[in-house]
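Spelled out from the first residue to the last, the chains are:
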Amino acid sequence: MVDHLETVTRIYEAFGRGDIPFMIEQLADDVRWEDWTDWSPHRAGVPWLQERHGEAGALEFFQIVGTWKVTEFQVRGLMAGGNQVCAEIEIAVQLPSGAAFRDQEMHLWTFDDTGKVARFRHYVDTAKHIAAARGD
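Before going into details, it helps to say that this report is about the structure given with it.

Before going further, it helps to examine the layout of surface pockets. Within this model, the largest pocket holds a volume of roughly 170 Å³. Lining the largest pocket, in full, are F15, G16, G18, I20, M23, F62, V65, G66, W68, V70 and F73. Mapped onto the lining of the largest pocket, the elements with two or more residues apiece are α1 (4-17), α2 (20-25), α4 (54-65) and β3 (69-81). Partitioned by chemical class, the residues of the lining of the largest pocket number eight nonpolar, three polar and no charged.

Moving on, we come to empty space enclosed by the protein. One pass over the full model with this rule turns up one cavity of 30 Å³ or more. The calculated volume of the largest cavity comes to roughly 200 Å³. Lining of the largest cavity is provided by 20 residues; of these, F15, F61, F73, H107 and H122 occupy positions nearest its centre. When residues of the lining of the largest cavity are traced back to their parent elements, those giving at least two are α1, α4, β5 (100-111) and β6 (117-123). With four residues, β5 is the largest single contributor of residues to the lining of the largest cavity. Residue composition of the lining of the largest cavity, by class: 16 nonpolar, three polar and one charged.

Rules of the game
Counting restarts for each chain, with residues numbered from 1 along the sequence as it is written. Totals for whole chains, interfaces and linings use all residues, but because this is a predicted model, local features are given only for residues with pLDDT of at least 70 and pairs of side-chain atoms are given and counted only at 80 or more. Note that water and hydrogens are dropped before the side-chain values are worked out from all heavy atoms of the structure. Cavity means a closed set of points on a 1 Å grid over the protein atoms alone, one where a 1.4 Å probe fits but cannot get out, pocket means an open set with protein on both sides within 12 Å along at least 5 of 7 lines, and lining means a residue has an atom within 4 Å of a point. Grid points are joined across faces, edges and corners, and a volume is the space filled by probe spheres set on the points. Strands here mean DSSP runs of E at least two residues long; helices mean DSSP runs of H or I at least four residues long; both are numbered from the N terminus. When residues are sorted by character, Ala, Val, Leu, Ile, Met, Phe, Trp, Tyr, Cys and Pro go into the nonpolar class, Asp, Glu, Lys and Arg into the charged class, and all the rest, Gly among them, into the polar class.

See the structure below:
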């Protein structure tokens with residue numbers, strides 16, 4: 001049986017190392033990234049919070065985030081239940097535009113029956129992300 005909590009822990013460790021190939025390997029071929037019915041960051045065009053599909057779509061997200069200067073990234077806690085893991089995150093970044101933000105986020109990882117990530121969502125302070133995307 002796949003331990004989803006362990007998988008998410010390893011994904012965050014890989015993020016810290018910049019090991020994008022490992023992270024992509026944990027995703028289902030048809031992963032749904034930021035799959036929301038109606039979400040203000042989608043409408044505002046926040047590049048890193050756009051809906052994406054498949055491994056190529058998730059890779060686009062990691063390529064954008066790879067341009068950031070991450071000054072803090074801490075996993076404060078993880079909770080698992082059924083096929084989902086929720087992570088409490090503390091993050092501070094500076095974007096290439098010079099805009100910066102600090103946020104407390106929740107990340108929701110949903111797994112399929114094979115143990116791969118089928119869906120990923122950020123739960124964030126959307127106003128901060130929209131302002132940063134605008135360069136504020």
